[in-house]
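Next come the chains, spelled out residue by residue.
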Amino acid sequence: MTVKTGLYALALATSTALGTLGAHAADKEISWIYCGDKIDPVHEKYIKEWEGKNAGWKIAAEVVGWAQCQDKATTLAAAGTPVAMAYVGSRTLKEFAENDLIVPVPMSDEEKKSYYPHIVDTVTFEDTQWGVPIAFSTKALYWNKDLFKQAGLDPETPPKTWAEEIAFAKQIKEKTGIAGYGLPAKTFDNTMHQFMHWVYTNNGKLIDGDKIVADSPQVLAALKAYKDITPFSVEGATAYEQNEIRAVFLDGKAGMIQNSTGAAYRLLNSNINWGVTTLPLGPDAKGPGTLLITDSLAIFKGSGVEEKAIEFAKFITSPAPQEEYELTTDSGLTPLRPSAKVDQLIKDKPYWKPFVEGITYGGPEPLFKDYKGFQNVMIEMVQSVVTGKAEPEAALKKAAAELEQYK
């Protein structure tokens, strides 16, 4: 695996300027690039616990802002001075592995079975796991009950299918003058993510192993649905990413959006009369679906402490620490594993239910050797359809052909 692609190629251009900045981790020290503003208190607690059980070993966590952390880990690895472990988007794992920058993280059958279905798929290619999931996100459909009522719709009955979703959006727009749906299509990564939710609610996929299967009836139906709902959505979709669309919804200016539990936390303190349900289904759906996005701990090659870093990564993401992290953080993470505490969470806060139910037929963020190249192709495809520059059939064929170079 020596092809230098995407992140690695960019990192090589700047790596020589680092000199000895990222020196190899010292013996008995596991260096960790930790994304965020500070180390979560739950992680601090379990770092101390692990160090107490592993005399002579230290976890040296360096907090790096979200915008820089992954690039820093990549650049240090490309310079030959890797950190032992880094928090990364799972979509980058194939690219790191193709460039021989990370090591596999073997999982037992018992470990795999502890997760919700398909979670392990987000870190797997060529039947090998390349990271340990540490954060997980799913989406559901929010609807404004007051706008439904104003449009003559039953405020307690959200759409269950794409056809209903489009019809409801149309009725809201025509009866109230307010956008029936919030469709984000900005040049931003979550434009691709949002489209993948539609793909996975119609039993579709873009890549199967190393075979591009995007040009399929299931994916085409998703792109046609995008075209059909655009006239009843927020005007100028290419100006919005999903958090900006969420703000529009919170302002009462959209009838429906798809978003994470982060929207629920904000809506609880708002004047919006809202509901949340599983994402509407396409004609070929088998059941509730959503894009399954994970962030992972990647173990970099060449630190000299790879085996111990894998041991720690599995410890800090094991059921007890992980569950405590998920259920006490305010970031709205979807739990990675089923448990009695998760069941209680859903009982106490019923709005959590659709975010877990959608996992059943969900699918992973597609792994490409150049995920930014893949992402850009998908964004261009979506934008060409929602702006009317291309018909869905032509846009999808073009995108499927372009994806070949990134698989």
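Note: the structure precedes this text.
Residues numbered from 1 in each chain as written. Predicted model: local features only at pLDDT ≥ 70, side-chain atom pairs only at ≥ 80, totals over all residues. Heavy atoms only, no water.

On to the overall build of the chain, then. The helix and strand tally for the chain stands at 17 helices and 13 strands. Taken against the 2.2 N^0.38 rule, which gives 22 Å for 407 residues, the C-alpha radius of gyration of the chain at 22 Å falls within 12% of a compact globule. Its C-alpha atoms put the chain at 70 × 45 × 35 Å along the principal axes. Counting only residues that meet the buried cut, the chain has 58% of its 407 residues in that class. Total accessible area computed for the chain in this model is approximately 16,900 Å², and 51% of it derives from carbon and sulfur atoms. (Helix = DSSP H or I, 4+ residues; strand = E, 2+ residues; numbered from the N terminus. Rg over C-alpha atoms; globule rule 2.2 N^0.38 Å. Buried < 20%, exposed > 50% of the residue type's maximum accessible area, 1.4 Å probe, protein only. Areas by Shrake-Rupley, 256 points an atom, 1.4 Å probe, with all protein chains shown as cover.)

This part covers the pattern of salt bridges. All chains considered together, the criterion is met by 19 salt bridges. Glu244 is the partner of Lys186 in a salt bridge, and the nearest nitrogen-oxygen pair spans 3.2 Å. Taken together, the residues span a long stretch of sequence, with Lys186 in the loop between α7 (162-176) and α8 (189-200) and Glu244 in helix α10 (residues 242-250) at a distance of 58 residues. On the basis of relative accessible area, Lys186 is assigned to the partly exposed category, the value being 27%. Glu393 is paired through a salt bridge with Lys224; the nearest N and O atoms lie 3.3 Å apart. Of this pair, Glu393 sits in helix α17 (residues 392-403) while Lys224 is found in helix α9 (residues 217-229), placing the two residues 169 residues apart along the sequence. Several salt bridges converge on common partners, so that one network encompasses Arg91, Asp189 and Glu365. (Salt bridge = Lys/Arg side-chain N within 4 Å of Asp/Glu carboxyl O.)

A few words now on the packing of aromatic side chains. Under the criterion given, the structure shown has 20 aromatic pairs. Residues Trp32 and Phe312 carry aromatic rings whose centres are separated by 5.6 Å and whose planes lie at 70 degrees to one another, so their mutual orientation is edge-to-face. With Trp32 in strand β1 (residues 29-35) and Phe312 in helix α12 (residues 306-316), the pair connects residues that are 280 residues apart, well separated along the chain. As far as the burial class goes, Trp32 and Phe312 line up, both buried. Ring centres of Phe96 and Phe300 lie 5.4 Å apart, and the angle between their planes is 70 degrees; this geometry places the pair in the edge-to-face category. With Phe96 in helix α4 (residues 93-98) and Phe300 in the loop between β12 (291-299) and α12, this pair connects stretches of sequence that are 204 residues apart. With a relative accessible area of 1%, Phe96 lands in the buried category. Using a relative accessible area of 0% as the deciding quantity, one classes Phe300 as buried. Members of the aromatic cluster, each reached through a chain of ring pairs, are Tyr142, Phe249, Tyr265, Trp274, Tyr351, Trp352 and Phe355. Against the face of Phe125 rests Lys94, its NZ or CZ located 5.8 Å from the ring centre. (Phe/Tyr/Trp six-rings, centres within 6.5 Å; stacked < 30°, edge-to-face > 60°. Lys NZ or Arg CZ within 6 Å of the ring centre and 35° of its normal.)

Now for unusual backbone geometry. Trans peptide bonds make up most of the peptide bonds, and negative phi angles are found at most residues other than glycine. Its identity as a non-glycine residue notwithstanding, His118 has a phi of 75 degrees, on the positive side. Residue position: His118 is located in the loop between α5 (109-113) and β4 (124-125).

Moving on, we get to the nonpolar core. The biggest cluster of nonpolar side chains holds 81 residues, and the ones touching the most others in it are Ile30, Trp32, Tyr142, Phe300 and Phe312. When residues of this core are assigned to their parent elements, the largest contribution, six residues, is made by α12. Other than its neighbours up to four places away in sequence, Phe300 contacts Ala73, Ala77, Pro82, Val83, Ala84, Met85, Ala86, Phe96, Leu101, Ile102 and Glu306. Counting residues in hydrophobic clusters, the runner-up holds 50 residues, among them Leu279, Phe368, Val386 and Tyr406. (Core = buried A, V, L, I, M, F, W, Y, C linked by side-chain atoms within 4.5 Å. Contact = heavy atoms within 4.5 Å.)

For Glu110, the location among the structural elements is in helix α5. Owing to a relative accessible area of 67%, Glu110 belongs among the exposed residues under this scheme. The spatial distance from the C-alpha of Glu110 to the C-alpha of Glu165 is 40 Å, given a sequence separation of 55 residues.

In a regular helix each residue adds 1.5 Å, so 16 residues correspond to 22 Å; helix α16 (residues 371-386) covers 23 Å between its end C-alpha atoms and thus fits that length. Counting buried residues in α16 gives 13 out of 16 residues, a clear majority hidden from the surface. Directly beyond the C-terminal end of α16, a positive phi value near 80 degrees is found at Gly388. (Expected span 1.5 Å × (residues − 1).)

This part takes up the environment of Tyr361. Looking at the secondary structure, you find Tyr361 in the loop between α15 (353-357) and β13 (363-364). Sequence separation of Tyr361 and Phe374 is 13 residues, and the distance between their C-alpha atoms is 23 Å. Aside from chain neighbours lying at most four places away, what touches Tyr361 is His118, Tyr200, Lys286, Gly287, Pro288 and Gly289.

The residue Asn190 is located in helix α8 in this model. There is a polar contact of 3.3 Å between the side chain of Asn190 and the side chain of Glu241. Not counting residues within four places of it along the chain, the set of residues in contact with Asn190 comprises Glu241 and Gln242. (Polar contact = N/O pair within 3.5 Å; in protein donor to acceptor, adjacent residues only side chain to side chain.)

All right, on to the layout of surface pockets then. Volume-wise, the second largest pocket comes out at about 600 Å³. Asp121, Tyr200, Lys205, Ile207 and Pro364 are, among the 26 residues lining the second largest pocket, the residues nearest its centre. (1 Å grid on protein atoms, 1.4 Å probe; cavity = no way out; pocket = protein on both sides within 12 Å on 5 of 7 lines; lining within 4 Å. Points joined across faces, edges and corners; volume = space filled by probe spheres on them.)

All told, the structure shown has one cavity of 30 Å³ or more when counted by the stated rule. A volume near 30 Å³ is recorded for the largest cavity. Split into classes, the residues belonging to the lining of the largest cavity amount to four nonpolar, two polar and one charged. (Nonpolar A, V, L, I, M, F, W, Y, C, P; charged D, E, K, R; others polar.)

What follows deals with the environment of Lys72. With respect to the helices and strands, the residue Lys72 is situated in helix α3 (residues 66-78). Look at Lys72 and you get partly exposed, because its relative accessible area is 26%. Each C-alpha atom of the pair Lys72 and Phe312 lies 21 Å from the other, and the pair is 240 residues apart in sequence. Excluding its chain neighbours within four sequence positions, the residues that come into contact with Lys72 are Ile33, Glu62 and Val64. Side chain to side chain, Lys72 and Glu62 meet in a polar contact 2.5 Å long.

As far as function goes, none of this settles anything; it's purely spatial.
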